[in-house]
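Coordinate analysis (summary)
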Amino acid sequence: CELATHLEMCCKMEVSCELKCGVVMCREDVTQHVEKECSLVVETCVVGCGVKMTRDELKIHRRDNCLRRIAPCNHCLKDFEFFLLAHHDSECPKMNIPCNLCGEVMCREDVTQHVEKECSLVVETCVVGCGVKMTRDELKIHRRDNCLRRIAPCNHCLEGFEFFLLAHHDSECPKMNIPCNLCGVVMCREDIQPHIDQNCPEKEIKCPFAKYKCVGLMKRKNLRNHLDEKRIEHLELKM
């Protein structure tokens with residue numbers, strides 16, 4: 001009887017965990033086992049979500065399921081409580097997102113600069129001054145080939161003019177080749193008048209003896225014939 005009583009109280013006697021976790025230990029170790037080790041003890045999640053589970057379940061819960069567990073952002077690698085990650089993703093500067101105009105993918109923090117300086121589908125006003133609004137890609141072609149106010153060289157004098165002024169400039173350009181309106185010979189506009197005044201065979205001129213009162217008026221190409229025909233008359237006029 002005394003032995004039975006002793007065995008019920010003996011601290012060295014092996015007993016099973018009262019929660020039936022299957023662990024066998026000395027009776028003196030039971031309290032520590034239950035307080036710190038038994039996998040079937042129910043505890044509250046220490047992370048702060050308030051869930052109550054066995055210790056074994058809590059290990060998995062804290063690692064994989066607790067909404068307040070600390071988890072890194074996949075983009076910037078900063079740590080956040082798990083339930084805040086979805087909101088953080090909507091703001092994370094390192095998260096790759098597409099430009100909502102051209103679809104190019106980049107970090108969120110680069111989108112503003114991309115739209116301001118690079119995106120090909122941003123609509124802008126032609127900086128040359130014509131007022132047309134087009135996408136940046138279209139404006140590159142517009143400014144190079146189509147803008148009426150782009151600077152283009154005259155094909156004759158090579159000076160630059162706004163494109164819409166070139167047609168008017170062509171009507172005045174001193175280096176443009178045009179035909180003499182008398183004889184048809186083609187030369188620079190700036191040379192036409194000297195040509196007419198000095199060389200054009202179709203220009204009507206006075207006889208060199210006009211100062212002696214010869215009234216002859218002929219085309220320059222006929223001057224030699226006139227001088228030959230009127231040689232005697234010219235001599236008489238000079239006397």
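Use the structure listed above.
Summarised in this report is the structure supplied together with it.

Rules behind the numbers
Residues numbered from 1 in each chain as written. Predicted model: local features only at pLDDT ≥ 70, side-chain atom pairs only at ≥ 80, totals over all residues. Heavy atoms only, no water. Helix = DSSP H or I, 4+ residues; strand = E, 2+ residues; numbered from the N terminus. Rg over C-alpha atoms; globule rule 2.2 N^0.38 Å. Buried < 20%, exposed > 50% of the residue type's maximum accessible area, 1.4 Å probe, protein only. Contact = heavy atoms within 4.5 Å. Areas by Shrake-Rupley, 256 points an atom, 1.4 Å probe, with all protein chains shown as cover. Lys, Arg positive; Asp, Glu negative; His and termini not counted. Charge placed at Lys NZ, Arg CZ, Asp CG, Glu CD. Patch = residues over 30% accessible without salt bridge, like charges linked within 9 Å, V, L, I, M, F, W, Y side chains within 5 Å. Salt bridge = Lys/Arg side-chain N within 4 Å of Asp/Glu carboxyl O. Phe/Tyr/Trp six-rings, centres within 6.5 Å; stacked < 30°, edge-to-face > 60°. Lys NZ or Arg CZ within 6 Å of the ring centre and 35° of its normal. Polar contact = N/O pair within 3.5 Å; in protein donor to acceptor, adjacent residues only side chain to side chain.

Our next topic: the overall build of the protein. Looking only at helices and strands, the protein features ten helices and 16 strands. Rg of the C-alpha trace for the protein: 53 Å, well past the compact-globule value of 18 Å for 239 residues, more than 25% over. Burial analysis of the protein (239 residues in total) assigns 25% to the buried set. Across the protein, the fraction of contacts at a sequence separation of at least 24, relative to all contacts at a separation of at least 6, is 2%. Approximately 16900 Å² of the protein is accessible, and the part contributed by carbon and sulfur atoms is 54%. Mean positive and mean negative side-chain charge positions of the protein (35 and 38 charges, respectively) differ by 13 Å.

Let's shift gears to a nonpolar patch on the surface. On the surface, a nonpolar cluster with roughly 350 Å² of combined accessible area is contributed by L67, F82, F83 and L84. With respect to the secondary-structure elements, F83 resides in the loop between β6 (79-81) and α4 (85-89).

Turning to unusual backbone geometry, a few remarks are in order. Its identity as a non-glycine residue notwithstanding, K20 has a phi of 65°, on the positive side. The residue K20 is located in the loop between β1 (14-16) and β2 (24-26) in this model. On the basis of relative accessibility, which here comes to 72%, the residue K20 falls in the exposed class. Despite not being glycine, K213 has its phi angle at roughly 80°, a positive value. In this structure, K213 sits in the loop between β15 (204-206) and β16 (217-219).

A full pass over the atoms with the stated rule returns one aromatic pair. Centre to centre, the rings of F209 and Y212 are 6.0 Å apart; their planes meet at 40°, and the pair counts as tilted. Overall, the relative accessible area of 28% leaves Y212 in the partly exposed class. Taking the ring centre of F82 as reference, the NZ or CZ of R69 above it sits at 3.8 Å.

Time to look at the environment of R149. Tracing the chain through its elements places R149 in the loop between α6 (136-146) and β11 (151-153). Separated by 102 residues in the primary sequence, R149 and V47 place their C-alpha atoms 68 Å from one another. Setting aside residues no more than four positions away along its own chain, R149 makes contact with V128, G129, C130, E162, F163 and F164. In terms of polar contacts, R149 uses its side chain to reach the side chain of E162, at 3.0 Å.

This paragraph deals with the pattern of salt bridges. As enumerated under the stated definition, the model contains 13 salt bridges in all. Of the charged contacts, one joins D228 and R224 as a salt bridge, the two residues approaching to 4.0 Å between their closest N and O atoms. In this pair, D228 and R224 both sit in helix α9 (residues 223-229), four residues apart, roughly one turn of the helix. The exposure class assigned to R224 is exposed, which follows from its relative accessible area of 55%.

For the rest of this paragraph, the subject is the side chain of R150. Structurally, the position occupied by R150 is in the loop between α6 and β11. Buried and unpaired, R150 has D145 as its nearest opposite-charge partner, separated by 6.0 Å. At 2.7 Å, the side chain of R150 forms a polar contact with the backbone oxygen of C147. Not counting residues within four places of it along the chain, the set of residues in contact with R150 comprises V128, R143, R144, D145, F161, E162 and F163.

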